[in-house]
Amino acid sequence: MEQWKYVSENTTEFLSLHDCECEHIYYTDDRVIMKMKWMEILESHPNNMFPEAHQSGQGIIELVGPQIVECIYDKAGVQEQMSDVTQLNFRDLEILKFEEIPKEGGYENSMYMINASKQGVYNNVSLTIRYKSSMVKFNELKDVSWFVNFGKK
């Protein structure tokens, strides 16, 4: 099992995942694993020691005790649905929406992801998922996030 320098529980609200790439989202061991190429770690995140948001390197988001509320996606141009979380297995997606809200006994997250590669089979993934808790894991903080100085002259 991979070791991570930074591990935090229930801190996804301190991430900005818009335009971040998810290499693989899948189910294993009562968890949904989101293997991320990078994440934008907001300045309010407990593991960000900088006064501004910074981009991480590769990381993982784990959603513990997950249940699919709704999952609709395009597979090779055909719209399909999924209700069994154990079947969750998508690759190469770009996240456009990642909105978590607290719910009794945990959280609910609405995600919208599009195909991030020409080789991808899945597109327009609309996933609403409930879970008990989450873990955010990464090893480094790199450059200041792209949106920090966006629009400044």
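Scroll up to find the structure this text is about.
Heads up: these notes are all about the structure in this document. Please read these numbers as outputs of a predicted model, since none were measured by experiment. (Residues numbered from 1 in each chain as written. Predicted model: local features only at pLDDT ≥ 70, side-chain atom pairs only at ≥ 80, totals over all residues. Heavy atoms only, no water.)

## A short note on the sheet that holds strand β13 (residues 133-138)
Worth spelling out the cut-off: Between any two strands, at least two bridges found by DSSP are needed for them to pair. The secondary structure listing takes helices from DSSP runs of H or I that are at least 4 residues long and strands from runs of E that are at least 2 residues long, numbered from the N terminus. To get an axis, a line is fitted to the C-alpha atoms, and for a helix only the part in contact is used. The angle between two axes follows their N-to-C directions and goes from 0 to 180 degrees.
Taken together, the 10 strands give an open sheet; going across it, the order is β1-β13-β7-β4-β3-β10-β11-β12-β8-β9, and neighbouring strands pair in antiparallel fashion. In this open sheet, the two edge strands, each paired with only one partner strand, are β1 (6-9) and β9 (78-81). Along the sheet, successive strands turn relative to each other by an average axial angle of 20°, direction set aside. As paired strands, strand β10 (residues 89-103) and strand β11 (residues 106-115) are joined by 10 bridges and run antiparallel to one another.

## Regarding the packing of aromatic side chains
Put simply, the rule is: Two rings from Phe, Tyr or Trp (for Trp, the six-membered ring) form a pair when their centres are within 6.5 Å of each other. A pair whose planes differ by under 30 degrees is stacked, one over 60 is edge-to-face, and the rest are tilted.
Considering all chains together, one arrives at 6 aromatic pairs under this definition. Counting every residue linked through ring pairs, the aromatic cluster contains Y73, F90 and Y122.

## Some thoughts on the sheet that holds strand β5 (residues 40-41)
Strand order in the open sheet made by the 4 strands is β2-β5-β6-β14, with antiparallel pairing throughout. The open sheet has two edge strands, β2 (15-16) and β14 (141-144), and neither has a second partner. Pairing geometry for β5 and strand β6 (residues 54-56), over 2 bridges, is antiparallel. In the sheet register, I41 faces β6, and the bridge partner there is H54.

## Notes on the pattern of salt bridges
Going by this rule: Salt bridge, as used here: a side-chain nitrogen of Lys or Arg that lies within 4 Å of a carboxyl oxygen of Asp or Glu. Note on exposure labels: buried denotes an accessible area under 20% of the residue type's maximum, exposed denotes more than 50%, and partly exposed covers the range between, all computed with a 1.4 Å probe on protein chains only.
Overall, the coordinates contain 5 salt bridges when judged by the stated rule. With its nearest N and O atoms 3.2 Å apart, the salt bridge here joins E21 to K37. Note that E21 is positioned in strand β3 (residues 21-28) and K37 in the loop between β4 (31-36) and β5, a separation of 16 residues in sequence. The partner of K137 in a salt bridge is E62, and the shortest N-O contact between them spans 2.9 Å. One end of the pair, K137, is in strand β13; the other, E62, is in strand β7 (residues 59-64), and 75 residues separate them in sequence. Judged by its relative accessible area of 13%, K137 is buried.

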